[in-house]
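Fold and contact review
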Amino acid sequence: MKATSSLFSIHLVPMAFIPTSHSNPNHTLSLTSLFGTRIITLKHSSTSTTPSFLPNKNCRATSATVSFSLPIPKPHSGTPEKIPKWSARAIKSYAMAELEARKLKYPNTGTEALLMGILVEGTSKAAKFLRANGITLFKVREETVELLGKSDMYYFSPEHPPLTEPAQKALDWAVDEKLKSGEEGEINVTHLLLGIWSQEESAGQRILAALGFNDEKAKELAKLEASLTIFLR
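The rules behind these values
- Residues numbered from 1 in each chain as written.
- Predicted model: local features only at pLDDT ≥ 70, side-chain atom pairs only at ≥ 80, totals over all residues.
- Heavy atoms only, no water.
- Helix = DSSP H or I, 4+ residues; strand = E, 2+ residues; numbered from the N terminus.
- Buried < 20%, exposed > 50% of the residue type's maximum accessible area, 1.4 Å probe, protein only.
- Core = buried A, V, L, I, M, F, W, Y, C linked by side-chain atoms within 4.5 Å.
- Axes fitted to C-alpha atoms, helices over the stretch in contact; angles between N-to-C directions.
- Parallel < 35°, antiparallel > 145°, perpendicular 65-115°, else oblique.
- Left-handed = near helix turned anticlockwise from the far one by under 90°.
- Contact = heavy atoms within 4.5 Å.
- Nonpolar A, V, L, I, M, F, W, Y, C, P; charged D, E, K, R; others polar.
- Arc of directions from axis to C-beta.
- Salt bridge = Lys/Arg side-chain N within 4 Å of Asp/Glu carboxyl O.

**Notes on the environment of E200**
Within the secondary structure, E200 is located in the loop between α7 (189-198) and α8 (203-210). Judged by relative accessible area, which is 67%, E200 ranks as exposed.

This is how it looks when you write it as structure tokens:
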């Protein structure tokens, strides 16, 4: 008996590169996925039973939108080339934060959403540090709902939920700390996490504290970041 061929074939679309530079803000941005990857659409052919996956050509648009939402360091001196940029992981963490806020049907992206975004992205040193200390996405999400409650089931979040004031201050803190350090490199997820912790009484800070994160843990993470920076020099 001859083996029959499969009626369906799967075409894998690679992850789009997440840019850290900022495009011209006058450009009109097309819609893509929230996390900087190409939108996948399913198209049925009239002549074949095999579906095909078609990538959206404007795969970098969402990454640019997210970049515009993140605070850009303002040069006090020196050339623009030396101004630090947000790392790809930080940009993706922010995009995941927006998505988590939308999943919970919250009207804003708060420090709790930024914290969840870090854990959803999951590959940064900050995310690994959190998991090593027992702080997981499931626990953070559970604490968030307990602290802030559930949204109305008929409410739908905006496509890009605006930042709360504490969340904006957390991002600004991350930028300022990177500039104060005088070190080269990008503003990364560690800066973002420590920025969340710096916002006392914010939802993200309270959730971290409830799960065992404290000033000692923050100092430990900062030292790990500093030692890695020295090692890479």
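**Considerations on the nonpolar core**
Counting 40 residues, the largest nonpolar core has W86, L130 and L208 as the members making the most contacts within it. Secondary-structure elements contributing two or more residues to this core are α2 (88-103), α3 (111-121), α4 (125-132), α6 (165-181), α7, α8 and α9 (215-232).

**Comments concerning unusual backbone geometry**
Within the chain, K105 stands out as a residue other than glycine whose phi angle is a positive 60 degrees. As for its placement among the helices and strands, K105 is situated in the loop between α2 and α3. By relative accessible area, K105 is classed as partly exposed at 22%. Positive phi values are uncommon outside glycine, yet E201 reaches one of about 70 degrees. For E201, the position within the fold is in the loop between α7 and α8.

**Some details on the packing of α2 against α3**
Viewed as axis vectors pointing N to C, α2 and α3 meet at an angle of 120 degrees, and their least axial separation amounts to 7 Å. On the basis of their axis angle, the class for α2 and α3 is oblique. In the crossing of α2 with α3, the sense of the turn from one axis to the other is right-handed. Judged by residue contacts, R89, K92, S93, Y94, M96, A97, E100 and A101 of α2 engage A113, L114, M116, G117, I118, V120 and E121 from α3. Across the contact of α2 with α3, the residue classes break down as nine nonpolar, two polar and four charged.

**Digging into α4**
Every buried residue belonging to α4 is among A126, A127, F129 and L130, and all of these are buried. Viewed along the axis of α4, the buried residues span an arc of 160 degrees, placing them on a single side of the element. The positive-phi residue at the C-terminal boundary of α4 is G134, with phi of around 80 degrees.

**Focus: the pattern of salt bridges**
Pairing is possible between side chains that carry opposite charge, provided their charged atoms lie close to one another. With the rule as written, the count across this model stands at five salt bridges. The partner of R141 in a salt bridge is E100, and the shortest N-O contact between them spans 2.8 Å. Here R141, found in helix α5 (residues 137-148), pairs with E100, found in helix α2; they are 41 residues apart in sequence, far enough to count as distant. Salt-bridge contacts for E165 lead to K169; the nearest nitrogen and oxygen are separated by 3.2 Å. In this pair, E165 and K169 are both assigned in helix α6, four residues apart and thus about one turn of the helix distant. Judged by its relative accessible area of 57%, E165 falls in the exposed class. Taking the relative accessible area as the measure of exposure, K169 reaches 41% and is therefore partly exposed.

These results come straight from atomic positions and should not be treated as a statement about function.
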